[in-house]
Amino acid sequence: MKARREHHELTSDNTAAICPPAWATLQKANAGTAPSYGDDQWTAEVCEKVREIFETNCKVYVVFNGTAANALALAQLCQSFHSVICHARSHIHTDECGAPEFFTKGSKLIVIGGADGKIDLSEAEAMIARQCELHSHKPRAISITQSTELGTVYKRDEIGLIAEFARSRKMFLHMDGARFANAVASLRCAPKAITWEVGVDVLCFGGIKNGVGAGELVVFFKESLAHEFDYRIKQAGQLASKMRFLAAPWLGLLNDDAWLENARRANDAAKQLADRLQSEAKINVVFPVEANALFVRMNEELVRDLREGGWYFYKFIEPDIYRVMCSWSITDDEIDEFVSEVKMLRSA
């Protein structure tokens, strides 16, 4: 039995610490008192900063986590007899314990496929054609994940086509942006270019995977869609009494583009790791590496030995595809160690 060594987390970017800029503003917010329930300066400044980043007068709300952001945003768009088109790998379908269905009071998730984690519009069209009359849920929204659950990124034109598809059918476009920062960094574009400019109605803007400890943003790009959303947040138990402790780290993340720097670092690490695993260890990387995740094919013996060595990551697709996730805080030394161990075990 190998001696266990330091625990290395490659399972998720959720395992990383709070990044220094977010931690610094949290400490500042902790000095003295402040108004409660979002009436503090930190929350106001975050909302204004988001409007500045997206270059539009959007409505911004803070909730505790991504599941709440997605579920409440969809509940704002949909009634109980509506349906939401989403990818079979989408987080709202596979990892939110029915929260979207619960908070919409019955909206149905209509699951479709598509290569590399992206929605196939021909499948969406065929599915909607089968939901065309009174006995079926009425299609009301399309949800896309940016970056996707398979580590790929929707390009501007791809989002535009989906938005046009939705608009022509009087549907809304929701974006689960848990890793939105990674997509922006990958595409090197203005945030507006892949959101409201191409027809996204509401974005769930993720910060937890990018360097804050808690708190995600729900951003409505049309003010009318946000009508009484504050009441929905309160009813769902998502209105933080000490809101400044959710908002202040976001201010640190957004100021001086720390959110983009964190995302670039994570993306670059994933690309470097993928390239080295392929070239040095002859490991097969399954999907394009466009954000901060890579998916590799490994046999059970190799995975067992890596885990015995303290390396942790998920099996994502049966029988042998594993996800390796790079956070903002991964180091070059960790990448070197992981590649070296994979090479050693492959050659043993």
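Given the structure is predicted, the values throughout are model-derived calculations rather than measurements.

Basis of the calculations
Residues numbered from 1 in each chain as written. Predicted model: local features only at pLDDT ≥ 70, side-chain atom pairs only at ≥ 80, totals over all residues. Heavy atoms only, no water. Helix = DSSP H or I, 4+ residues; strand = E, 2+ residues; numbered from the N terminus. Buried < 20%, exposed > 50% of the residue type's maximum accessible area, 1.4 Å probe, protein only. Contact = heavy atoms within 4.5 Å. Pairing = 2+ DSSP bridges. Phe/Tyr/Trp six-rings, centres within 6.5 Å; stacked < 30°, edge-to-face > 60°.

Participant: I'm lost on the environment of Leu10 in this one. Help?
Facilitator: Assignment of secondary structure puts Leu10 in the loop between β1 (8–9) and α1 (20–29). The class for Leu10 is buried, based on a relative accessible area of 4%. Sequence separation of Leu10 and Tyr312 is 302 residues, and the distance between their C-alpha atoms is 5.6 Å. Sequence-distant contacts of Leu10, defined by excluding residues within four places in its chain, comprise Trp311, Tyr312, Phe313, Arg323, Val324, Met325, Ile330 and Phe338.

Participant: How should helix α10 (residues 244–254) be read in this particular structure?
Facilitator: Each turn of an α-helix holds 3.6 residues, which means side chains three or four residues apart point in the same direction. By the criterion of burial, α10 is predominantly enclosed, with 10 of the 11 residues buried. Residues of α10 that are buried: Arg244, Leu246, Ala247, Ala248, Pro249, Trp250, Leu251, Gly252, Leu253 and Leu254. Directly beyond the C-terminal end of α10, a positive phi value near 60 degrees is found at Asp256.

Participant: What is the right way to look at the pairing of strand β10 (residues 293–297) in this model?
Facilitator: Within a regular strand, the side chains alternate between the two sheet faces. Among the 5 residues in β10, 4 count as buried, and that is most of the element. One ladder, built from 2 bridges, connects strand β9 (residues 284–285) with β10; its direction is antiparallel. Bridging across to β10, Asn284 finds its partner in Arg297.

Participant: Which parts of the structure should I look at to understand the packing of aromatic side chains?
Facilitator: Where two aromatic rings form a pair, the distance of their centres and the angle of their planes describe that pair. According to the stated counting rule, one finds 15 aromatic pairs in the structure shown. Ring centres of Phe205 and Trp259 lie 5.5 Å apart, and the angle between their planes is 70 degrees; this geometry places the pair in the edge-to-face category. Of this pair, Phe205 sits in strand β7 (residues 202–205) while Trp259 is found in helix α11 (residues 258–281), placing the two residues 54 residues apart along the sequence. The pair Phe205 / Trp259 is uniform in exposure class, with both members buried. Aromatic side chains Phe220 and Phe229 sit 4.9 Å apart centroid to centroid with 75 degrees between the ring planes, which places their arrangement in the edge-to-face category. When its relative accessible area of 0% is taken as the criterion, Phe229 is described as buried. Through a chain of ring-to-ring contacts, three or more aromatic side chains come together here, namely Phe54, Phe180, Phe205, Phe221, Trp250 and Trp259.

Participant: Which parts of the structure should I look at to understand unusual backbone geometry?
Facilitator: Outside of glycine, negative phi angles account for most residues, and trans bonds account for most peptide bonds. Cis geometry marks the peptide bond from Gln146 to Ser147; its omega dihedral reads -5 degrees. Inspection of the secondary structure puts Ser147 in the loop between β5 (138–145) and α7 (156–168). At Asp116, a position not held by glycine, the phi torsion is positive, near 60 degrees. Position of Asp116 relative to the elements: it lies in the loop between β4 (108–112) and α6 (121–129). Of note in the backbone geometry, Asp257 takes a positive phi value of approximately 60 degrees without being a glycine. Along the polypeptide, Asp257 turns up in the loop between α10 and α11.

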